[in-house]
Amino acid sequence: MSTATAPAPTIEKPSVAHLPYRPESASAARRLVRDKLAEWKLDELIDDAQLVVSELAGNASKTGCLLRMTVEITRITATAVRISVTDGSRVLPVLMDAGLSAEGGRGLALVHQLTKGQWGTTLEPLGKTVHADLRMRGSS
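Residues numbered from 1 in each chain as written. Predicted model: local features only at pLDDT ≥ 70, side-chain atom pairs only at ≥ 80, totals over all residues. Heavy atoms only, no water.

Asks: What is the right way to read the nonpolar core from this model?
Replies: Inside soluble globular proteins, nonpolar side chains tend to come together where they are buried. Membership of the largest hydrophobic core comes to 33 residues, with the highest contact counts inside it found for Leu 37, Leu 56 and Ile 83. Mapped by element, the contributors of at least two residues to this core are strand S1 (15-20), helix H1 (25-39), helix H2 (46-61), strand S2 (68-77), strand S3 (80-87), helix H3 (107-114) and strand S5 (127-135). Considering each element in turn, this core owes the most residues, seven residues, to H2. Those residues in contact with Ile 83 that lie beyond four places of it in its chain are Val 33, Ala 49, Val 52, Val 53, Leu 56, Glu 72, Ile 73, Val 130, His 131, Ala 132 and Leu 134. (Core = buried A, V, L, I, M, F, W, Y, C linked by side-chain atoms within 4.5 Å. Buried < 20%, exposed > 50% of the residue type's maximum accessible area, 1.4 Å probe, protein only. Helix = DSSP H or I, 4+ residues; strand = E, 2+ residues; numbered from the N terminus. Contact = heavy atoms within 4.5 Å.)

Here is the structure:
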């Protein structure tokens, strides 16, 4: 995980949604990701991408911010995408080792596993962007 990352290069126009800070916004984020990956014919990434965006949007909805979060999916190579969620909180996400009896705290570990560690956070003037990169199997 990195704490600052250069903007992702793009080979397709990114798809962006501005969503309210509500738990149900995660389903709108999943739809955005699913539809865009299908359009780009990257169906292999859909299940993992929906899990990742659910976690990132769910975390953003818990920040207590009052305006909206921004969810973006960008195709960065022919076989890779970046999913980004921007929110109004400058509190950084923490990857933690949740114990077996913990009721939560496993979400970022799942993101870390699915992205093979290719995720990070960039502080913004009024918040942060958490991004996660997914690649098709067999691509580097």
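Moving on from the coordinates now.
Asks: How do you make sense of H2 when you look at a structure like this?
Replies: Residues separated by three or four positions in an α-helix point in the same direction, a consequence of the helix having 3.6 residues per turn. Along its 16 residues, H2 runs 22 Å from first to last C-alpha, staying within 8% of the 22 Å computed at 1.5 Å per residue. In terms of burial, H2 is a largely internal element, twelve of the 16 residues being buried. Ile 46, Asp 48, Ala 49, Gln 50, Val 52, Val 53, Ser 54, Leu 56, Ala 57, Gly 58, Ala 60 and Ser 61 are the residues of H2 that are buried. (Expected span 1.5 Å × (residues − 1).)

Asks: What should I look at first to understand the packing of H2 against H3 in this one?
Replies: Packed helices, taken two at a time, are described by the angle between their axes plus the distance between the axes. Where H2 contacts H3, the two axes come as close as 10 Å, and the packing angle between them is 145 degrees. The hand of the H2/H3 crossing is left-handed. Contact with H2, carried on its side by Asp 48, Leu 51, Val 52, Glu 55, Leu 56 and Asn 59, involves Gly 107, Leu 108, Leu 110, Val 111 and Leu 114 of H3 and no other residues of that element. Across the contact of H2 with H3, the residue classes break down as seven nonpolar, two polar and two charged. (Axes fitted to C-alpha atoms, helices over the stretch in contact; angles between N-to-C directions. Left-handed = near helix turned anticlockwise from the far one by under 90°. Nonpolar A, V, L, I, M, F, W, Y, C, P; charged D, E, K, R; others polar.)

Asks: So what exactly am I meant to see when it comes to the packing of H1 against H2 here?
Replies: One can describe the packing of H1 onto H2 by two numbers: an axis separation of 9 Å at closest approach and a directional angle of 150 degrees. Relative to H2, the element H1 is oriented roughly antiparallel. You can see that H1 and H2 cross each other, and the crossing is right-handed. Across the interface between the two elements, Ala 26, Ala 29, Arg 30, Val 33, Arg 34, Leu 37 and Ala 38 from H1 touch Ile 46, Ala 49, Gln 50, Val 53, Ser 54 and Ala 57 from H2. Residues of the contact of H1 with H2, tallied by class, amount to nine nonpolar, two polar and two charged. (Parallel < 35°, antiparallel > 145°, perpendicular 65-115°, else oblique.)

Asks: Would you mind going over the pairing of S1 with me for this structure?
Replies: Every regular strand shows the same layout, with side chains that alternate between the two sheet faces. Of the two faces of S1, only one is covered, namely that formed by Ser 15, Ala 17 and Leu 19; the face formed by Val 16, His 18 and Pro 20 stays uncovered. Summarising the sheet, S1 and S2 pair through six bridges and their orientation is antiparallel. Bridge pairing links Ala 17 to Val 71 in S2. (Pairing = 2+ DSSP bridges.)

Asks: Explain the pattern of salt bridges here, please?
Replies: Charged atoms that come close allow side chains of opposite charge to pair. Scanning all chains against the criterion turns up seven salt bridges. For Asp 35, the salt bridge goes to Arg 34, with nearest N and O atoms at 3.7 Å. For Asp 35, a relative accessible area of 45% corresponds to the partly exposed category. Residues Arg 137 and Glu 44 are paired through a salt bridge, measuring 3.0 Å at the closest nitrogen-oxygen approach. Of this pair, Arg 137 sits in the segment after S5 while Glu 44 is found in the loop between H1 and H2, placing the two residues 93 residues apart along the sequence. For Arg 137, a relative accessible area of 61% puts it in the exposed group. Taking the relative accessible area as the measure of exposure, Glu 44 reaches 34% and is therefore partly exposed. One continuous salt-bridge network, built from bridges that share partners, spans Glu 44, Asp 48 and Arg 137. (Salt bridge = Lys/Arg side-chain N within 4 Å of Asp/Glu carboxyl O.)

Asks: In this structure, what is going on with the environment of Val 111? I would like to understand it.
Replies: Positionally, Val 111 belongs in helix H3. Classification of Val 111 as buried rests on a relative accessible area of 1%. In the structure, Val 111 is positioned 23 residues away from Leu 134 in sequence and 9.7 Å away in space, judged by C-alpha atoms. Excluding residues within four positions of it along the chain, Val 111 makes contact with Val 52, Glu 55, Leu 56, Trp 119 and Ala 132.

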